[in-house]
Amino acid sequence: MTTKKEPHQVIELTEDDAEAIEQLFKDVWPHATEYPHDWREKRTLSKEEIIDEMRQGYHYFGIKFEGTLAGLYKALITPEGCFGAHQSINPKYWRGGMGGAMYTQFIEFAKKMGCKRNYCNILIGQTASEKLVKKFGFKEVGEPYEQAKGMLVQMYEREVE
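A short tour of the structure in this document, coming up.

Conventions used here
- Residues numbered from 1 in each chain as written.
- Predicted model: local features only at pLDDT ≥ 70, side-chain atom pairs only at ≥ 80, totals over all residues.
- Heavy atoms only, no water.
- Buried < 20%, exposed > 50% of the residue type's maximum accessible area, 1.4 Å probe, protein only.
- Helix = DSSP H or I, 4+ residues; strand = E, 2+ residues; numbered from the N terminus.
- Arc of directions from axis to C-beta.
- Contact = heavy atoms within 4.5 Å.
- Salt bridge = Lys/Arg side-chain N within 4 Å of Asp/Glu carboxyl O.
- Core = buried A, V, L, I, M, F, W, Y, C linked by side-chain atoms within 4.5 Å.
- Pairing = 2+ DSSP bridges.
- Axes fitted to C-alpha atoms, helices over the stretch in contact; angles between N-to-C directions.

As for helix α3 (residues 47–55)
For the α-helix, the turn length of 3.6 residues means that residues three or four positions removed from each other point alike.
At step 1: For α3, every residue scored as buried is listed here: Ile50, Ile51, Glu53 and Met54. Projection of α3 onto a plane perpendicular to its axis shows the buried side chains occupying an angular sector of 160°, all on one side. Along α3, exposed side chains directed more than 90 degrees from the buried face belong to Glu48 and Arg55.
At step 2: Against α1 (18–28), β2 (59–65) and β3 (68–78) lie the buried residues of α3.
At step 3: At the C-terminal side of α3, glycine 57 shows a positive phi close to 115°.

Some points on the pattern of salt bridges
At step 1: With the rule as written, the count across this model stands at eight salt bridges.
At step 2: We note a salt bridge from lysine 64 to aspartate 17, for which the minimum N-O separation is 2.9 Å. Placement of lysine 64 in strand β2 and of aspartate 17 in the loop between β1 (11–12) and α1 is noted, with a sequence separation of 47 residues between them.
At step 3: Put simply, lysine 47 and glutamate 19 hold a salt bridge, and the shortest N to O gap is 3.8 Å. With lysine 47 in helix α3 and glutamate 19 in helix α1, this residue pair connects regions lying 28 residues apart in the sequence.
At step 4: By relative accessible area, lysine 47 is classed as partly exposed at 30%.

Digging into the nonpolar core
At step 1: Counting residues in hydrophobic clusters, the biggest one holds 27 residues, and the most contacted among them are Met98, Tyr103 and Phe138.
At step 2: Mapped by element, the contributors of at least two residues to this core are β2, β3, β4 (81–89), α4 (98–112), β5 (117–123) and α5 (127–135).
At step 3: At eight residues, α4 tops the list of elements feeding residues into this core.
At step 4: Residues contacting phenylalanine 138, with those up to four places away along its chain left out, are Tyr103, Phe106, Ile107, Asn118, Tyr119, Cys120, Val133, Tyr156, Glu157 and Arg158.

Observations concerning the sheet that holds β2
The strands that make up a sheet pair up through hydrogen bonds in the backbone, lying either parallel or antiparallel.
At step 1: Pairing is mixed across the open sheet formed by seven strands, whose spatial order is β1-β2-β3-β4-β5-β7-β6. Strands with a single pairing partner mark the edges of an open sheet, and in this sheet they are β1 and β6 (139–148).
At step 2: Relative to β2, β1 is paired through two bridges, and the arrangement is antiparallel. Considered in β2, the bridge of glutamate 12 is made with phenylalanine 61.
At step 3: Across the face of the sheet, α1 comes into contact with β2, β3 and β4 while running at roughly 105° to β3.

Coordinates in, geometry out; function isn't part of it.
Written out as structure tokens, the structure is:
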């Protein structure tokens, strides 16, 4: 496990990282039992699907330790702002500050891209994620909704300063 004192460098990942991204998804999503089974399968993308998303405009950002991809999230610039999704952290790196480092970078990326807001969906009841969005000044938008069958999420947003 990492420590909170250890700095986390969030880097943009490329197509060359697609195999490592695929492996991280295989390490994380089948075990994320708070999500419905179908959603977990959908989130376990293949190398080809990852490359296709990158070519469609998704930006993948990650943190590596000793050459191994330990965590990532992806961002998409939309007419509404900078949308963040698919945050995935290998369980052996939980509580090491990676989530916060990625949110900091997510906010900076939106600013760099000229977006007026960041936004994301958080699974209802996922305490760690709910704490992070609140810590970084995100506010609830609208009512919770079913993003997938049996999966309630809350949208959160924050203005880019």
